[in-house]
Amino acid sequence: MSTDPEFDRRQRYDALMDVVRGRMTTRQFDPNYVVPKEHYELILEAARHAPSGANAQPWHYIVVTKPELKKAIADYFVDEARARAKLRMKFPTPNYRGLETAPGMIVVASDFRWTRAFPVLLDDSELDRKYRENAERILLQSVAASTMSAHLAAAALGYNVWWVTAIGQDDAQKALKPLLGVPEEISVIDIFCFGPAAKPPYKRWKKELHQIMNWDRFDMENYMSVEQIDAWIREKRSQVMYRDESKVD
Ligand SMILES: Cc1cc2nc3c(=O)[nH]c(=O)nc-3n(C[C@H](O)[C@H](O)[C@H](O)COP(=O)(O)O)c2cc1C
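As the structure is a computational prediction, the values presented were derived from the model and not from experiment.

S.K.: What should I look at first to understand the site of the ligand in this one?
M.R.: If you check the shell around the ligand, you find 13 residues, and the closest are Thr25, Trp163, Thr165, Arg204 and Lys206. The backbone of Trp163 places a nitrogen or oxygen atom 2.9 Å from a nitrogen atom of the ligand. Compared with its free state, where it exposes 620 Å², the ligand has 73% of that area covered by protein. Here the ligand occupies the largest pocket. Looking at the shell around the ligand, its residues break down into seven nonpolar, two polar and four charged.

See the structure below:
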């Protein structure tokens, strides 16, 4: 520690940014690596401190260690990817077999009954429906805040990460919940994989600061029409998902 608090604060910021910038997705891991038990605890300790609407902390984390469970989860995702391909959904789907290679796997779940803790009327009125929609957003943002803390903690421990959400639909809930003994009222939200990457990870393209930062007013330079968004999806999406930032044209 120096005697200059400004210097110390900047060092802490730089250390944080080193973790934030260095958090990188990988979709294939070194399957032989074993995550020490303590690391799961360090990672979920970070999740525990997240902010949440009404401080309701509406999250549950299920650490998956058994290879047969990882395989069953991977099987579900591979089937789901096949179903999407048949539907001609043009989303550039990764190889979900990679899920079973993840040394660390944590299933993120939430209890939507906690939306009752947020501003809602609970009288089944039309107005209540709108407040409830907003309450769901509050709940999902809360779970994302906690999940992100966990991802950053894993990155700080030197791991690569994979945030998998391809599971919103009812079918996914029906397939995954019994595997993990998740009660009816609780929903699986996403899957968090981490571990050393099988191949060198790469840094993906990120927008420039000025493209996301606005002062006092929305900067219309950063506004995109739906046609521009569709063109971006056609021309850029798969590049930004699967290429190093230096190889995006
Ligand atoms: C909310 C959210 C959902 C995601 N869902 C998936 C997913 O279902 N499958 C997948 O392979 N990656 C998924 N990802 C990972 C993103 O594709 C990845 O974060 C993005 O390409 C940027 O790469 P980076 O994490 O290396 O910065 C998701 C990430 C987030 C934050």
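Next comes the rest of the write-up.
S.K.: Got a minute to help me understand the sheet that holds strand S1 (residues 59–63) in this structure?
M.R.: Where strands meet in a sheet, backbone hydrogen bonds hold them as pairs that are either parallel or antiparallel. Read across the open sheet, the four strands follow the order S1-S2-S4-S3; overall the sheet is antiparallel. Every interior strand has two partners, whereas the edge strands, S1 and strand S3 (160–164), have only one. Each adjacent strand pair in this sheet contributes to an overall mean axis angle of 25°, direction not counted. Sheet strands in contact with helix H2 (residues 37–48) are S1, strand S2 (104–111) and strand S4 (186–195), and its direction is about 170° off that of S1. The strands touched by helix H3 (residues 67–86) within the sheet are S2, S3 and S4, with S2 carrying the most contacts at an inclination of about 70°.

Parameters and conventions
- Residues numbered from 1 in each chain as written.
- Predicted model: local features only at pLDDT ≥ 70, side-chain atom pairs only at ≥ 80, totals over all residues.
- Heavy atoms only, no water.
- Near = heavy atom within 4 Å.
- Polar contact = N/O pair within 3.5 Å; in protein donor to acceptor, adjacent residues only side chain to side chain.
- Areas by Shrake-Rupley, 256 points an atom, 1.4 Å probe, with all protein chains shown as cover.
- 1 Å grid on protein atoms, 1.4 Å probe; cavity = no way out; pocket = protein on both sides within 12 Å on 5 of 7 lines; lining within 4 Å.
- Sits in = over half its atoms within 2 Å of the grid points.
- Nonpolar A, V, L, I, M, F, W, Y, C, P; charged D, E, K, R; others polar.
- Pairing = 2+ DSSP bridges.
- Helix = DSSP H or I, 4+ residues; strand = E, 2+ residues; numbered from the N terminus.
- Axes fitted to C-alpha atoms, helices over the stretch in contact; angles between N-to-C directions.
- Contact = heavy atoms within 4.5 Å.

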